[in-house]
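A structural walkthrough
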Amino acid sequence: MIRDITIGQYLPGKSFLHKMDPRAKILWTLAYVIVIFLCKNFWSLGLMVVAAVGMLLLSRVPLRMMWKSLKPLVPILLFTGVLNLFYSKTGTVLWTWKFLTITDRGVYTGAFMVIRILSLVSVSALLTYTTTPTALTDGIERLLSPLKIFKIPVQSLAMMMTLALRFIPTLIEEIDRIMSAQKARGADLESGGFLKRAKALLPILIPLFVSAFRRAYDLAFAMECRCYQGGDGRTRMKQMKLGARDFVGLALLALLIAGVILLNRFFVPLL
């Protein structure tokens with residue numbers, strides 16, 4: 001399961017999304033996250049799902065890789081769906097037993113939440129799959145550049161966010177290595193109940209923290225040795241420029257937002 005987490009990885013490619021400006025992709029992702037929470041019925045949510053599928057096709061990311069990013073979320077999705085299934089008390093009663101009641105509205109709400117989470121994770125994963133860490137850092141820095149007026153270290157914030165995202169797959173590999181070493185020494189990490197397995201994972205945390213701090217120190221030392229200095233005066237080998245595909249993507253984003261607003265207005269809201 002640990003190896004299936006692919007968040008933060010970059011997949012080289014030459015697709016439409018790979019060639020887009022990182023600023024446009026970041027804006028697309030942020031707008032998608034905001035707009036999907038404004039969906040009030042399955043019509044508007046269906047439009048967001050179509051947009052997510054379209055982005056997946058444009059990115060040419062293998063379905064197997066996308067499934068690996070969604071697979072760790074299966075327990076969360078099941079918990080969310082079941083919780084919303086019994087939470088709603090309005091609508092036509094489909095099944096009841098003592099204090100448990102399932103209504104058609106509860107079924108619709110549970111399915112709505114599951115689809116929303118799947119769409120959010122898929123689109124967010126596409127951002128890291130199609131954008132290099134360097135381009136992601138530069139894009140975040142450019143978008144946050146107006147905050148320099150308030151003396152906020154924008155470049156440092158962008159670098160920290162990107163490094164944190166980039167460290168996710170590294171730490172996942174480290175967890176897998178530590179768990180393999182513990183199993184080779186006779187540790188039982190998989191049998192027993194939930195509490196027993198959780199307690200068995202405690203010895204993994206200490207070497208994981210030690211390794212994480214060591215990697216952070218080595219990275220800081222390497223950046224210092226290479227005279228890295230962010231902020232004013234820093235040059236870039238590749239200059240970012242918005243192209244035709246970026247304006248097309250932003251225009252499609254505007255149409256998507258307008259479509260969601262219209263569908264929310266003319267169809268009965270679910271939530």
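One can find the structure itself at the top, above this paragraph.
The present account deals with the structure reproduced in this document. Treat the numbers as computed from the prediction; the structure is a model and nothing was measured. (Residues numbered from 1 in each chain as written. Predicted model: local features only at pLDDT ≥ 70, side-chain atom pairs only at ≥ 80, totals over all residues. Heavy atoms only, no water.)

All right, on to the side chain of asparagine 41 then. In this structure, asparagine 41 sits in the loop between helix H2 (22-36) and helix H3 (42-59). Reaching out from asparagine 41, the side chain makes a polar contact with the backbone nitrogen of serine 44 at a distance of 2.9 Å. Within polar-contact distance, the side chain of asparagine 41 engages the backbone oxygen of leucine 263 at 3.2 Å. (Helix = DSSP H or I, 4+ residues; strand = E, 2+ residues; numbered from the N terminus. Polar contact = N/O pair within 3.5 Å; in protein donor to acceptor, adjacent residues only side chain to side chain.)

Moving on, we get to helix H7 (residues 133-143). Of the residues making up H7, those classed as buried are Leu136, Thr137, Asp138, Gly139, Ile140 and Glu141. In this structure, the buried residues of H7 make contact with H2, helix H6 (104-129) and helix H8 (154-184). N-capping of H7 is provided by threonine 132, with a side-chain oxygen placed 3.2 Å from the backbone N of alanine 135. (Buried < 20%, exposed > 50% of the residue type's maximum accessible area, 1.4 Å probe, protein only. Contact = heavy atoms within 4.5 Å.)

Let's shift gears to the pairing of strand S2 (residues 100-103). Here strand S1 (residues 93-97) runs beside S2; their pairing, made up of four bridges, is antiparallel. Among the inter-strand pairings, valine 93 is bridged to a residue of S2, identified as threonine 103. (Pairing = 2+ DSSP bridges.)

On the surface, Phe42, Leu94, Trp95, Trp97, Val107, Tyr108 and Ile115 cluster together into a nonpolar patch covering about 670 Å² of accessible area. Those elements that provide at least two residues to the nonpolar patch are S1 and H6. (Patch = residues over 30% accessible without salt bridge, like charges linked within 9 Å, V, L, I, M, F, W, Y side chains within 5 Å. Areas by Shrake-Rupley, 256 points an atom, 1.4 Å probe, with all protein chains shown as cover. Salt bridge = Lys/Arg side-chain N within 4 Å of Asp/Glu carboxyl O.)

Attention now moves to unusual backbone geometry. Residues other than glycine seldom take positive phi values, yet arginine 60 does so here, at roughly 60°. Turning to its location among the elements, arginine 60 is positioned in the loop between H3 and helix H4 (63-70).

If you add up the space inside the second largest pocket, you get close to 330 Å³. Sorting the residues of the lining of the second largest pocket by element identifies H2, H6, H7 and H8 as the ones contributing at least two each. Across the lining of the second largest pocket, the residue classes break down as 14 nonpolar, four polar and no charged. (1 Å grid on protein atoms, 1.4 Å probe; cavity = no way out; pocket = protein on both sides within 12 Å on 5 of 7 lines; lining within 4 Å. Points joined across faces, edges and corners; volume = space filled by probe spheres on them. Nonpolar A, V, L, I, M, F, W, Y, C, P; charged D, E, K, R; others polar.)

Quick look at the packing of aromatic side chains now. One pass over the structure, following the stated rule, counts four aromatic pairs. Where tryptophan 43 meets phenylalanine 267, the ring centres are 5.0 Å apart and the plane angle is 25°; that geometry is what we call stacked. Here tryptophan 43, found in helix H3, pairs with phenylalanine 267, found in the segment after helix H11 (244-266); they are 224 residues apart in sequence, far enough to count as distant. An aromatic cluster is present here, built from Phe42, Tyr108 and Phe112 joined pairwise through their rings. (Phe/Tyr/Trp six-rings, centres within 6.5 Å; stacked < 30°, edge-to-face > 60°.)

Packing of H3 against H11 brings their axes to within 8 Å, and their N-to-C directions diverge by 160°. Between H3 and H11, the angle is such that the two are roughly antiparallel. Crossing handedness for the pair H3 and H11: right-handed. Between H3 and H11, the contacting residues are Trp43, Ser44, Leu47, Met48 and Ala51 on the first element and Leu256, Gly259, Val260, Leu263 and Asn264 on the second. Residues that form the contact of H3 with H11 fall into these classes: seven nonpolar, three polar and no charged. (Axes fitted to C-alpha atoms, helices over the stretch in contact; angles between N-to-C directions. Parallel < 35°, antiparallel > 145°, perpendicular 65-115°, else oblique. Left-handed = near helix turned anticlockwise from the far one by under 90°.)

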